[in-house]
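Here are the chains, one letter per residue:
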Amino acid sequence: MRYATSRRIEGLPAPLQRAAQTLVDWIPLAIVVVLWDLVSGAIVATAVLPAPAMVAGEIVALFVTGQVFSHLFISLFRVLVGLALSIIVGVLLGIGMARSDPIENFFDVFLAMTYPIPKTALVPLAILWLGVGTKTAILIVFLACLLPIVLNAYNAAGNVDQNLIWSAKMMGTEGRDVLLKVVFPATIPEILTGVRQAVPIAFIALVSAELIASNQGMGYLILTSGQIGNYPRMFANIVVISAVAFIAVRLFEEVRERWLAWT
């Protein structure tokens, strides 16, 4: 599901439909910004809730001075590594559980017990194991993203058309080749759905970990700005990482749609 569900706008020429749809999709955000501007100063003091214009000025300053780039690159590196590890492990584990009863029996209870645990609750434990920094952030992102990918891969592999498997075996495909040539290709759409669910979760887990266990990254910038009372800078950093997460989701959706069109 996209952040903004596509709705076809009738009665407009095709070239104008995309522009009109973009305007419609951004209306909710525009309403939030207007309400934010009305509340700031009138209901909540600007010292606590700075106006959108003040936050926008801080965002410009962050990029003009270059202060945000090193922290943003570190955060993106942590997200990419943690998400990549969760995809590799999650796909292998999900397909393995679906196609092998011993593997499912071994991991089923463990996954069921860890599923409801907020992964950010594991940050203090991760600090004891790995210390403050990148390793802890990557571990938290990995754990947070793992289960959605495992569940989608598991459900997809378990629902592969048995006729495809039988046909492959009749043509001489056996053992591991069945997984590589039949099961895995059939699970790609569902796996990509799981990754789509995991992308925003990765950013949530990242910021949560960096707020507690990092001296670099966007979460660290948000924390330190709030601690010294620089709330415009704090909100600016929140907007920046939120925009980056939004762009990451949209880019992945475009890649997924193009990939599925060729599969």
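Residues numbered from 1 in each chain as written. Predicted model: local features only at pLDDT ≥ 70, side-chain atom pairs only at ≥ 80, totals over all residues. Heavy atoms only, no water.

## Observations regarding the overall build of the chain
Here is step 1: Helix and strand counts for the chain come out as 10 helices and zero strands.
Here is step 2: By its C-alpha atoms, the chain is 70 × 60 × 30 Å across when sized along the principal axes.
Here is step 3: Within the chain, counting contacts between residues at least 6 apart in sequence, those at least 24 apart form 70% of the total.
Here is step 4: On the chain, roughly 15,100 Å² of surface is accessible, and the fraction owed to carbon and sulfur atoms is 70%.
Here is step 5: If you average the places of the 16 positive and of the 15 negative side-chain charges in the chain, the two averages end up 5 Å apart. (Helix = DSSP H or I, 4+ residues; strand = E, 2+ residues; numbered from the N terminus. Contact = heavy atoms within 4.5 Å. Areas by Shrake-Rupley, 256 points an atom, 1.4 Å probe, with all protein chains shown as cover. Lys, Arg positive; Asp, Glu negative; His and termini not counted. Charge placed at Lys NZ, Arg CZ, Asp CG, Glu CD.)

## Here we look at the packing of aromatic side chains
For any pair of aromatic rings, the description rests on two quantities: the centre-to-centre distance and the angle between the ring planes.
Here is step 1: Scanning all chains against the criterion turns up five aromatic pairs.
Here is step 2: Ring geometry for W26 against F246: centres 5.7 Å apart, planes inclined by 65°, an arrangement best described as edge-to-face. You can see W26 sitting in helix α1 (residues 14–39) and its partner F246 sitting in helix α10 (residues 231–261), a full 220 residues away along the chain.
Here is step 3: With a relative accessible area of 25%, F246 lands in the partly exposed category.
Here is step 4: Connected via pairs of aromatic rings, a cluster forms that spans F63, F69 and F73. (Phe/Tyr/Trp six-rings, centres within 6.5 Å; stacked < 30°, edge-to-face > 60°. Buried < 20%, exposed > 50% of the residue type's maximum accessible area, 1.4 Å probe, protein only.)

## A word on the pattern of salt bridges
Here is step 1: For the structure shown, the criterion picks out four salt bridges.
Here is step 2: When the shortest N-O distance is used, the salt bridge between R233 and E58 registers 2.6 Å. Here E58 lies in helix α2 (residues 52–65) and R233 lies in helix α10, a separation of 175 residues in the sequence. Comparing R233 with E58, the two get one shared label, buried.
Here is step 3: Here the salt bridges share partners, and the residues they tie into one network are R196, R250 and E253. (Salt bridge = Lys/Arg side-chain N within 4 Å of Asp/Glu carboxyl O.)

## As for the nonpolar core
Nonpolar side chains tend toward joint burial in soluble globular proteins.
Here is step 1: Core analysis: the biggest nonpolar cluster contains 50 residues, and I95, V183, F203, M218 and I241 have the highest contact counts within it.
Here is step 2: If you list the elements that add at least two residues to this core, you get α2, α3 (67–99), α5 (123–130), α6 (134–158), α8 (176–213), α9 (218–227) and α10.
Here is step 3: Per element, the largest residue contribution to this core is 16 residues, and it comes from α8.
Here is step 4: Ignoring sequence-local partners within four residues, the contact set of I241 consists of L72, F203, V207, M218 and I222.
Here is step 5: Core analysis: the second largest hydrophobic core is formed by seven residues, M97, F142, L146 and V150 among them. (Core = buried A, V, L, I, M, F, W, Y, C linked by side-chain atoms within 4.5 Å.)

## Observations concerning the packing of α2 against α3
Here is step 1: Close contact between α2 and α3 brings their axes to 4 Å; oriented N to C, the two are set at 85°. On the basis of their axis angle, the class for α2 and α3 is roughly perpendicular. Contacts between α2 and α3 involve L62, F63 and T65 on the former and, on the latter, Q67, V68 and F69.
Here is step 2: Within the contact of α2 with α3, the residues separate by chemical class into four nonpolar, two polar and no charged. (Axes fitted to C-alpha atoms, helices over the stretch in contact; angles between N-to-C directions. Parallel < 35°, antiparallel > 145°, perpendicular 65-115°, else oblique. Nonpolar A, V, L, I, M, F, W, Y, C, P; charged D, E, K, R; others polar.)

## Observations regarding the environment of A84
Here is step 1: Along the chain, A84 falls in helix α3.
Here is step 2: Looking at A84, the relative accessible area reads 36%, which means it is partly exposed.
Here is step 3: As a C-alpha pair, A84 and C145 span 61 residues in sequence and 9.5 Å in three-dimensional space.

## Some words on helix α4 (residues 101–114)
Here is step 1: The terminal C-alpha atoms of α4, which comprises 14 residues, lie 20 Å apart, in line with the 20 Å expected from a rise of 1.5 Å per residue.
Here is step 2: Remark: the principal bend of α4, roughly 35°, maps to F107. (Expected span 1.5 Å × (residues − 1). Bend = angle between axes of the 7 residues up to and from the residue.)

## Some remarks on the confidence of the model for the chain
Here is step 1: Chain-level statistics for the chain give a pLDDT mean of 85 and a share of 90% at 70 or above.
Here is step 2: Per-element averaging of pLDDT across the chain places helix α7 (residues 162–170) at the bottom with 70 and α9 at the top with 94.
Here is step 3: For residues 1–7, every residue scores under 50 in pLDDT, and the model assigns this stretch 20 contacts once sequence neighbours within four places are set aside. (pLDDT = per-residue confidence, 0-100.)

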